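Topology and contacts: notes
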Amino acid sequence: ASAGQIYSFHIFNAASYPVYVKFYNTTGTPTEGTSVVKTVGVQSGTQFGFSEENGIAFSTGIGISIGKGIADNDTSTILVSDCVVDVHFK
């Protein structure tokens, strides 16, 4: 619930469908369609890594959601074992 920066993340999608990880600038539970800073799509059975020396700034807080749809307001859910997201932040 405070400002921060994401310096790197790694996403693995074990699902049989693409997943979309959304990062939000928020102090509480993310609300779909509001304050999305970055959306990352990861195809089925693949992984994606990102690293940024200067980080991605979030002025109020860092929130994350994972869904099946690319739209910012998507409310689909995935199974808990379908995706792993590791985030390195400060």
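Residues numbered from 1 in each chain as written. Predicted model: local features only at pLDDT ≥ 70, side-chain atom pairs only at ≥ 80, totals over all residues. Heavy atoms only, no water.

Topic: unusual backbone geometry
Residues other than glycine seldom take positive phi values, yet Ser-35 does so here, at roughly 65 degrees. Of note, Ser-35 is situated in the loop between β2 (19–25) and β3 (36–42). (Helix = DSSP H or I, 4+ residues; strand = E, 2+ residues; numbered from the N terminus.)

Regarding the side chain of Thr-26
Within the fold, Thr-26 resides in the loop between β2 and β3. Given the relative accessible area of 18%, Thr-26 is considered buried. Engagement of the side chain of Thr-26 in a polar contact is seen with the backbone nitrogen of Gly-28, the distance being 3.3 Å. (Buried < 20%, exposed > 50% of the residue type's maximum accessible area, 1.4 Å probe, protein only. Polar contact = N/O pair within 3.5 Å; in protein donor to acceptor, adjacent residues only side chain to side chain.)

A few points about the packing of aromatic side chains
Taken as a whole and assessed by the stated rule, the structure comprises three aromatic pairs. Between Phe-9 and Phe-23 the ring centres are 4.9 Å apart and the planes differ by 35 degrees, which places this aromatic pair in the tilted class. Taken as a pair, Phe-9 in strand β1 (residues 4–13) and Phe-23 in strand β2 lie far apart in primary sequence, 14 residues in all. Residue class for Phe-9 comes out buried when judged on its relative accessible area of 3%. Owing to a relative accessible area of 1%, Phe-23 belongs among the buried residues under this scheme. What links up through ring pairs into an aromatic cluster is the set Phe-9, Phe-23, Phe-48 and Phe-50. Over the ring of Tyr-17 we find Lys-68, and its NZ or CZ is 4.7 Å from the ring centre. (Phe/Tyr/Trp six-rings, centres within 6.5 Å; stacked < 30°, edge-to-face > 60°. Lys NZ or Arg CZ within 6 Å of the ring centre and 35° of its normal.)

Description of the sheet that holds β1
The three strands are arranged β4-β1-β6 in an open sheet whose pairing can be described as antiparallel. The open sheet has two edge strands, β4 (47–58) and β6 (83–89), and neither has a second partner. Between one strand axis and the next, the sheet turns through 15 degrees on average, direction left out of account. Both β1 and β4 contribute to a ladder of eight bridges, which runs antiparallel. Within β4, the position partnered with Ile-6 by the bridge is Ile-56. (Pairing = 2+ DSSP bridges. Axes fitted to C-alpha atoms, helices over the stretch in contact; angles between N-to-C directions.)

Focus on the confidence of the model for the chain
Summarising the model, the chain shows a mean pLDDT of 95, and 100% of its residues fall at 70 or more. When mean pLDDT is compared element by element in the chain, β1 scores highest at 97, while strand β5 (residues 62–67) scores lowest at 95. (pLDDT = per-residue confidence, 0-100.)

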